[in-house]
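Read off the chains here:
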Amino acid sequence: MGCGNDKSEIIKNIIETGRILGSKNYSPGYSGNISTRYGENIIITTSGSSNGYLSPNDFVEIDFRGKPINSGKKPSSEKLLHIEFYKMRSDINCIIHVHPAGLSAFAAAGKDLTAPVMAENVFYFGGIPLAEYAMPSSKELAANTAKFFNKYDAVLMANHGFIIGSSSLYDACQKLEIAEEYAKTVIYTKALGGAIPLNGIETKKITAMRSLK
């Protein structure tokens, strides 16, 4: 699932992405939103839509001020969050914001996922930071989270959820799944006395591999 160039193709890809997110319970009920770049604008899910049950009517094209383009539909209330991510990162073409249980548990506990516990997390993310809490849909939330976009592709939002951006929907989905399973793994290790982080040397070796991707 790339982001696509044709509008109907983009919408079809987002619908399929939403179906996958729903099947994994990453986006329960009406929670979460998905967007892609579309030329100089953005295609984003509408306010009140359900990622797991999207239809072609659940999308709206907006500009980078958040204004709908020739549409009476209301874009997702988290549009500012998406816009800030796109503004800061020209390499990001698709964004997924969801509330999977494992990642949301860390967000609710006010804990990040930056410790080098699993090699995959270091390689794919370099760590997942935690943005300070702000009211959902607010300018403050977008500002608090955007602080991390210059360095990280994925960010936890305190008492809220998780956001990830990538060049394609497929890559964003795969990395979302890696992040969620990583969060669960860290939680499970608590029952075994806690995780043992990688040492500095091993972390540097994995980090060096990131530049070769």
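Quick summary incoming for the structure in this document. Being a predicted model, the structure only gives us computed values, none of them experimental.

## A short note on the packing of helix H1 (residues 7-23) against helix H6 (residues 169-189)
Next up, step 1: Packing of H1 against H6 leaves a shortest axis separation of 11 Å and a crossing angle of 10 degrees. As far as their axial angle goes, H6 and H1 are roughly parallel. Contact with H1, carried on its side by Asn13, Ile14, Thr17 and Leu21, involves Leu169, Cys173 and Leu176 of H6 and no other residues of that element.

## Notes on the side chain of His82
Next up, step 1: Considering the arrangement of structural elements, one finds His82 in helix H2 (residues 79-88).
Next up, step 2: Excluding anything up to four places from it in sequence, His82 contacts Asn33, Ile34, Ser35, Ile44, Ile95 and His97.

## Details of the sheet that holds strand E7 (residues 161-166)
Next up, step 1: Taken in spatial order, the seven strands line up as E3-E2-E1-E4-E7-E6-E5 in an open sheet, and their pairing is mixed. Of all strands in the sheet, those with a lone pairing partner are strand E3 (59-62) and strand E5 (130-131), marking the two edges.
Next up, step 2: Each of strand E1 (33-38), strand E2 (41-45), E3 and strand E4 (94-98) touches H1; the most contacted strand, E1, lies at about 155 degrees to it.
Next up, step 3: The sheet contacts of H2 involve E1, E2, E3, E4, strand E6 (154-157) and E7, and relative to E1 the element is tilted by about 40 degrees.

## Observations regarding the packing of aromatic side chains
Next up, step 1: As enumerated under the stated definition, the model contains four aromatic pairs in all.
Next up, step 2: Between the aromatic rings of Phe85 and Phe149, the centroid separation amounts to 3.7 Å while the plane-to-plane angle is 5 degrees, which identifies the pairing as stacked. Highlighted residues: Phe85 in helix H2 and Phe149 in the loop between helix H5 (139-146) and E6, separated in sequence by 64 residues. Residue Phe85 shares its accessibility class with Phe149, and that shared class is buried.
Next up, step 3: Ring centres of Phe123 and Tyr124 lie 5.0 Å apart, and the angle between their planes is 80 degrees; this geometry places the pair in the edge-to-face category.
Next up, step 4: In this structure Tyr124 comes out as partly exposed when scored by relative accessible area, which is 29%.

## Considering the pattern of salt bridges
Next up, step 1: Inspection of every chain in the model, using the stated rule, returns eleven salt bridges.
Next up, step 2: Among the ionic pairs, Lys87 bridges to Glu84, the shortest N-O distance being 4.0 Å. You can see Lys87 and its partner Glu84 sitting in helix H2, three residues apart, about one turn around the helix.

Rules of the game
Residues numbered from 1 in each chain as written. Predicted model: local features only at pLDDT ≥ 70, side-chain atom pairs only at ≥ 80, totals over all residues. Heavy atoms only, no water. Axes fitted to C-alpha atoms, helices over the stretch in contact; angles between N-to-C directions. Helix = DSSP H or I, 4+ residues; strand = E, 2+ residues; numbered from the N terminus. Parallel < 35°, antiparallel > 145°, perpendicular 65-115°, else oblique. Contact = heavy atoms within 4.5 Å. Pairing = 2+ DSSP bridges. Phe/Tyr/Trp six-rings, centres within 6.5 Å; stacked < 30°, edge-to-face > 60°. Buried < 20%, exposed > 50% of the residue type's maximum accessible area, 1.4 Å probe, protein only. Salt bridge = Lys/Arg side-chain N within 4 Å of Asp/Glu carboxyl O.

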